Amino acid sequence: MQTKRSYIDGVHPEVELLKEGVEWLRAGELVAFPTETVYGLGANALDTSACAKIFEVKGRPQDNPLIIHVCNRAMANILVKGWTLAAELCVQHFWPGPLTLVLPKTANVSDVVTAGLPNVAIRMPSHPVALRLIEESGFPIAAPSANLSGKPSPTSGSHVWRDLKGKIPLILDAGACLVGLESTVLDVSGEVPTILRPGGISKEQLEAVLGEIWVDKPLKNQVPKAPGMKYRHYAPQGEMILMVGSSEHVVQRMGQEIHKGHARLKKVGVLCTLESAPFLHNRLPDLLFVLGSKDRPEEVASNLFEGLRLCDERGMDLILAEGIEEGGLGTAIMNRLQKAAGRKIQYI
Ligand code: TXA
Ligand code: MG
């Protein structure tokens, strides 16, 4: 299949380009589009066979449900049965934005979308292209991140192009995504709202509005409530070690690991903070990627997936990543870094 990459204005999207997207969606095809978090791979959420295509194209496990994107509350009402008070508060405070709500589904939502679960995950994105595309189409859009399964989520049109070229008819490319990490998935169907996946809206932000919040931390052998969280997600081709500690100690340990790696003829890539970078240049890693300042986690979040992708593209055998402080967006960043590193975490 030939893929068209259309550059679209991220603030005032051109109507004719949106219409082209809508035509493909109406025809049961898939369209990649930007959201404020990461790019989505969209299908008409009410078209079961179009939704099934998403799993095929991504190589996504069938048991991992999709998020449905809406542009207004009326559209959400078609999909959700029984809004809780917590859900109402979330809509008021955080929509449109990077918060996905898990609530009981209506019969309009196919089991393909929810992977057979009784609940559906929905969100209203704030990116003008995403919102306008849903508005123009008139139906909700089911969309996971627009990467091949097992790769980091795409935070630019180029990432989508590299993963999905030849597999879908259209990519709406509006450049880089603002947040750079996926939305927070919050189950608001029960008594206490529970975070199933940390993301763009922090636990602290949710607590300020909702009060007590739980975090789903499945024990070993237990299935997480967001099925997607059981997968390692992104496993870089090289070995990855996440290092957590003071900048001074991390720099020292990284220096040793670079040296050891080179002695074994390995290419060593480093993902570090702005503060540590000046002390790592002279340790001569094969790639040094600055994630951003420790004091600006939003900067680290927006660069993280680009850095991870780059390490694989440049063939790094060993990737050393500097952790940042948990709390706020830091928690979501550390969640993604830990998943990428598997169990290899060094507290220094
Ligand atoms: O920011 C985002 O959320 C992006 C953009 C495109 O909106 N989407 C995204 O989708 O990250 P995806 O498919 O990569 O991740 C969706 C996560 C998975 O962990 C999935 O298991 C969980 O949400 N999820 C979806 N539906 C669910 C449901 N009914 N119950 C529990 N978890 C659900
Ligand atoms: Mg994903």
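Position numbers for residues count from 1 along each chain, tracking the sequence in the order it is written. Key to labels: chains lettered from A, ligands numbered from 1, both in the order written. Local features are withheld for residues below a pLDDT of 70 in this predicted model, meaning they are given only at 70 or higher, and side-chain atom pairs are given and counted only at 80 or more; totals for whole chains, interfaces and linings count all residues. The basis for every side-chain value is the complete set of non-hydrogen atoms in the structure, without hydrogens or water.

- As annotated in an unreviewed UniProt entry, the chain carries the name Threonylcarbamoyl-AMP synthase and comes from Candidatus Desulfosporosinus infrequens.
- UniProt positions are given in the numbering used here, feature names are shortened, and annotations may be inferred rather than shown by experiment. On record in UniProt, under Subcellular location (unreviewed entry), the comment for the chain is "Cytoplasm".
- The annotation that UniProt attaches to the chain under Sequence similarities (unreviewed entry) is "Belongs to the SUA5 family."

**Comments concerning the overall build of the chain**
Inference 1: When you go through the chain residue by residue, the secondary structure sums to 11 helices and 16 strands.
Inference 2: We take the radius of gyration over the C-alpha atoms and set the globule estimate at 2.2 Å times the residue count to the 0.38 power. Over its C-alpha atoms the chain spans a radius of gyration of 20 Å, differing by no more than 12% from the 20 Å that the globule rule assigns to 348 residues.
Inference 3: Principal axes of the C-alpha set define a box for the chain whose edges measure 60 × 50 × 35 Å.
Inference 4: By definition in these notes, contact holds between two residues if any of their heavy atoms fall within 4.5 Å. A fraction of 67% describes how many contacts in the chain between residues 6 or more apart in sequence connect residues 24 or more apart.
Inference 5: Counting only carbon and sulfur atoms, one obtains 52% of the accessible surface of the chain, whose full area is about 14800 Å².
Inference 6: With 37 positive and 38 negative side-chain charges, the chain shows a separation of 6 Å between the mean positions of the two kinds. Secondary structure is summarised from DSSP: a helix means a run of H or I of at least four residues, a strand means a run of E of at least two, and numbering begins at the N terminus for each. The Shrake-Rupley method, run with a 1.4 Å probe, gives the accessible areas here. Residue values count only the displayed protein chains as cover. In this tally, Lys and Arg are treated as positive and Asp and Glu as negative; His is ignored, and so are the chain termini. Just so you know, the charge point we use is NZ for Lys, CZ for Arg, CG for Asp and CD for Glu.

**A look at the sheet that holds strand 5 (residues 99-104)**
Inference 1: Strands sit in the order 1-8-2-3-7-4-6-5-9-10-11 across an open sheet of 11 strands; the sheet is mixed. Taken across any chain shown, the strands that pair with only one partner, and hence form the sheet edges, are strand 1 (4-7) and strand 11 (214-215).
Inference 2: At least two DSSP bridges between two strands are required for those strands to pair. Direction of pairing for strand 5 relative to strand 9 (residues 184-187): parallel, over a ladder of 4 bridges. The residue of strand 9 that forms the bridge with Leu-101 is Leu-186.
Inference 3: Angles run from 0 to 180 degrees between N-to-C directions of axes, and those axes are lines fitted to C-alpha atoms, restricted for helices to the stretch in contact. Those strands touched by helix 2 (residues 48-58) are strand 3 (40-44) and strand 7 (141-142), and its axis lies near 150 degrees from that of strand 3.

**Quick word on the packing of aromatic side chains**
Aromatic ring pairs: the centre-centre distance and the angle between the two ring planes describe each pair.
Inference 1: Stacked, tilted and edge-to-face are the three classes applied to pairs of Phe, Tyr and Trp rings, where Trp contributes its six-membered ring and a pair requires centres within 6.5 Å; stacked means planes under 30 degrees apart, edge-to-face means over 60, and tilted covers the rest. Throughout the structure, instances matching the rule amount to 0 aromatic pairs.
Inference 2: Counted as over-ring charges are cases with an Arg CZ or a Lys NZ within 6 Å of the ring centre that also lie within 35 degrees of the ring normal. The positively charged end of Arg-73 is found above the aromatic ring belonging to Trp-83, 3.8 Å away from the centroid.

**Remarks on the domain arrangement of the chain**
Inference 1: One can read the domain layout of the chain as domain 1 (4-182) and domain 2 (239-347).
Inference 2: Computed from C-alpha atoms alone, the centre-to-centre distance between domain 1 and domain 2 is 31 Å.
Inference 3: The term buried area means the drop in 1.4 Å probe accessible area that two parts suffer when joined, counted for both and summed. Summed over both sides, the interface of domain 1 with domain 2 buries roughly 1000 Å², with 54% coming from carbon and sulfur.
Inference 4: Looking only at domain 1, the three residues that lose the most surface to domain 2 are Pro-152, His-159 and Leu-181, adding up to 51% of its buried area.
Inference 5: Should a side-chain nitrogen of Lys or Arg be within 4 Å of a carboxyl oxygen of Asp or Glu, the pair is scored as a salt bridge. Linking domain 1 to domain 2 there are 3 salt bridges.
Inference 6: The partner of Glu-182 in a salt bridge is Arg-336, and the shortest N-O contact between them spans 2.8 Å. Where each domain starts and ends comes from a domain assignment, either automatic or drawn from a database.

**Some points on the pairing of strand 9**
Inference 1: Side chains Thr-184 and Leu-186 project from strand 9 onto one buried face, and the interleaved Val-185 and Asp-187 project onto a second face that is buried too.
Inference 2: Inspection of the sheet shows strand 9 paired to strand 10 (residues 194-197) by 3 bridges, in the antiparallel sense. Counterpart to Leu-186 in the pairing with strand 10 is Ile-195.
Inference 3: Remark: 6 residues form the turn of the hairpin made by strand 9 and strand 10, two consecutive strands paired antiparallel. Burial status follows relative accessibility: with a 1.4 Å probe on protein chains alone, a residue under 20% of its type maximum counts as buried, one over 50% as exposed, and anything between as partly exposed.

**Examining the UniProt feature "domain: YrdC-like" (unreviewed entry) in the chain**
Inference 1: UniProt tags residues 15-201 as "domain: YrdC-like" (unreviewed entry).
Inference 2: The span residues 15-201 is 33% helix and 19% strand, and its two end C-alpha atoms sit 30 Å from each other.

**Thoughts on the pairing of strand 6 (residues 119-123)**
Inference 1: Among the 5 residues in strand 6, 4 count as buried, and that is most of the element.
Inference 2: Relative to strand 6, strand 4 (residues 67-69) is paired through 3 bridges, and the arrangement is parallel. Paired with Ile-68 across the strands is Ile-122, a residue of strand 6.
Inference 3: When strand 5 meets strand 6, the two strands line up antiparallel, connected through 4 bridges. Across the sheet, the residue bridging to Leu-103 is Val-120, located in strand 6.

**Focus: unusual backbone geometry**
Inference 1: The residue after Trp-95, namely Pro-96, is reached through a cis peptide bond having omega -10 degrees.
Inference 2: Tracing the sequence through the fold places Pro-96 in the loop between helix 4 (85-94) and strand 5.
Inference 3: For Ala-115, which is not glycine, the phi dihedral falls at a positive 55 degrees.
Inference 4: Mapped onto the elements, Ala-115 comes out in the loop between helix 5 (111-114) and strand 6.
Inference 5: One non-glycine residue, Leu-265, lies in the positive phi region at around 60 degrees.
Inference 6: Counting through the fold element by element, Leu-265 comes out in the loop between helix 9 (247-263) and strand 13 (268-273).
Inference 7: Judged by relative accessible area, Leu-265 falls into the exposed class, the value being 77%.

**Considering the packing of helix 1 (residues 15-26) against helix 6 (residues 128-137)**
Inference 1: Interaxial distance between helix 1 and helix 6 falls to 9 Å at its minimum, and their mutual angle equals 60 degrees. Classified by the angle between their axes, helix 1 and helix 6 sit oblique to one another. The interaxial crossing formed by helix 1 with helix 6 has right-handed handedness. Of the residues in helix 6, those touching helix 1 at Val-15, Leu-18, Lys-19, Gly-21, Val-22, Leu-25 and Arg-26 are Val-129, Arg-132, Leu-133, Glu-136 and Ser-137.
Inference 2: Throughout this entry, Asp, Glu, Lys and Arg are counted as charged residues, while Ala, Val, Leu, Ile, Met, Phe, Trp, Tyr, Cys and Pro are counted as nonpolar. The remaining residues, Gly among them, count as polar. Looking at the contact of helix 1 with helix 6, its residues break down into 6 nonpolar, 2 polar and 4 charged. Angular relationships are summarised with four words: roughly parallel below 35 degrees, roughly antiparallel beyond 145, roughly perpendicular across 65 to 115, and oblique for the angles in between. Less than a right angle of anticlockwise turn of the near helix away from the far helix marks a crossing as left-handed, whereas a clockwise turn marks it as right-handed.

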